[in-house]
Amino acid sequence: MRIIRPKKALGQHFLKDLGIAQRIAGTLSAHRNLPVLEVGPGTGMLTRFLLDEAYDLSVVEIDMESVAYLHRHVPALEGRIIAADFLRLDLKTLYPSAFCVIGNYPYHISSQIFFKVLDYREQIVCCAGMVQKEVGERLAAPPGSRTYGIISALIQPWYDVEYLFTVSEEVFDPPPKVKSAVVRMTRNSRMTLDCDEVLYKQVVKMTFNQRRKTLRNSMKPLLGKDFPGYGQPVFGKRPEQLSVEQFVELTLVAQNFLENENGRNSQKNEPL
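Working note: regular strand, side chains alternate between the two faces of the sheet. Across the six residues that make up strand E5 (residues 99-104), a large majority, six, are buried. Of the two faces of E5, the one carrying Phe99, Val101 and Gly103 and the one carrying Cys100, Ile102 and Asn104 are both buried. Sheet analysis places E5 next to strand E6 (residues 124-132), joined by six bridges and oriented parallel. Looking at E6, one finds that Ile102 is bridged to Ala128. Assessed by its sense of winding, the connection that carries the chain from E5 through helix H5 (residues 110-119) to E6 is right-handed.

Structural data, given as structure tokens:
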């Protein structure tokens with residue numbers, strides 16, 4: 001049997017522990033009725049357990065050597081292999097209704113994968129799999145913790161995130177330089193943020209990019225130095241102290257102020 005050489009450029013670290021693969025496959029057990037898309041199956045270690053669990057499985061793989069390997073050695077995948085870049089896929093075309101995503105995600109693009117999942121949150125009911133431990137901690141971090149940050153505040157409004165277990169470096173070929181984590185994101189019941197979502201993202205990124213500053217200082221590029229609301233208690237906090245609900249409230253404060261400012265400016269520019 002030909003063995004695939006892991007490619008550093010693709011961030012490939014092939015899982016070799018059967019027990020870990022079986023545990024990851026089991027993270028979707030509550031959604032057996034839904035189709036499953038595996039991202040980056042590689043040599044099919046996780047794939048085989050997903051097939052054993054009788055999921056309606058398809059896989060997406062960018063590495064053509066891995067695609068050829070899967071065609072030869074995992075015949076049950078015939079007709080279910082998508083040779084493409086997951087980040088470029090139109091998932092609505094592939095899955096017009098609900099489905100799940102799973103994988104041992106390449107560490108260098110794992111955040112991009114989760115943000116793509118977020119874009120398809122009305123269809124992706126559950127997303128589970130293995131990531132770098134630090135990323136897993138950030139995804140699941142509660143407000144007030146050291147690891148709570150941009151990805152926490154953008155994912156958690158829409159998904160309930162569970163950090164399931166830690167995985168040693170030694171179960172991979174080649175071993176990565178960091179520990180890994182298995183996480184599960186389950187879509188919650190929230191349908192709207194009750195604020196401008198684009199502005200919410202801007203506020204989250206702006207404040208966490210200056211996380212050592214209070215909101216009074218980090219929000220000045222957006223609100224200006226003369227914003228009259230800086231005396232409100234929330235502006236004396238740092239971003240990691242805010243829950244999702246508080247970020248929504250902060251966004252609404254900014255949204256109302258900016259709309260009023262735009263209204264006043266348009267009135268000034270109206271011809272007499």
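What follows deals with the side chain of Ser243. Note that Ser243 resides in the loop between helix H10 (220-223) and helix H11 (244-269). In contact with Ser243, not counting residues within four places along its chain, are Pro143 and Tyr148.

Here we come to the side chain of Ser152. By the element assignment, Ser152 lies in helix H7 (residues 150-155). Side-chain polar atoms of Ser152 contact the backbone nitrogen of Gly149, separated by 3.0 Å. Those residues within four positions of Ser152 in sequence are excluded, and the remaining contacts are Arg138, Leu139, Ala141, Thr147 and Pro157.

Going through the model one piece at a time under the given rule, you end up with nine aromatic pairs. Judged by centre distance (4.1 Å) and plane angle (15 degrees), the ring pair of Tyr95 and Phe99 falls under stacked. Across the pair, exposure class does not vary: Tyr95 and Phe99 are buried alike. Through pairs of rings, three or more aromatic residues link up here, namely Tyr148, Tyr200, Phe208 and Phe247. The ring of Phe165 has Arg23 sitting right over it, with the charged end atom 3.7 Å from the ring centre. One Lys or Arg, Lys116, reaches over the ring of Phe86 and ends 6.0 Å from the middle of that ring.

Judged by pairing direction, the sheet is mixed, and its seven strands sit side by side in the order E4-E3-E2-E5-E6-E9-E7 without closing on themselves. Edge strands, defined here as strands with exactly one partner in the open sheet, are strand E4 (81-83) and strand E7 (159-167). Across the sheet, the mean angle from the axis of one strand to that of its neighbour is 20 degrees, orientation sign disregarded. By the bridge criterion, seven bridges tie E6 to strand E9 (residues 180-187) in an arrangement that is antiparallel. When the sheet's bridge partners are listed, Met130 is paired in E9 with Val182.

Thresholds applied
- Residues numbered from 1 in each chain as written.
- Predicted model: local features only at pLDDT ≥ 70, side-chain atom pairs only at ≥ 80, totals over all residues.
- Heavy atoms only, no water.
- Buried < 20%, exposed > 50% of the residue type's maximum accessible area, 1.4 Å probe, protein only.
- Helix = DSSP H or I, 4+ residues; strand = E, 2+ residues; numbered from the N terminus.
- Pairing = 2+ DSSP bridges.
- Right-handed = clockwise from strand over helix to strand, strands pointing away.
- Contact = heavy atoms within 4.5 Å.
- Polar contact = N/O pair within 3.5 Å; in protein donor to acceptor, adjacent residues only side chain to side chain.
- Phe/Tyr/Trp six-rings, centres within 6.5 Å; stacked < 30°, edge-to-face > 60°.
- Lys NZ or Arg CZ within 6 Å of the ring centre and 35° of its normal.
- Axes fitted to C-alpha atoms, helices over the stretch in contact; angles between N-to-C directions.

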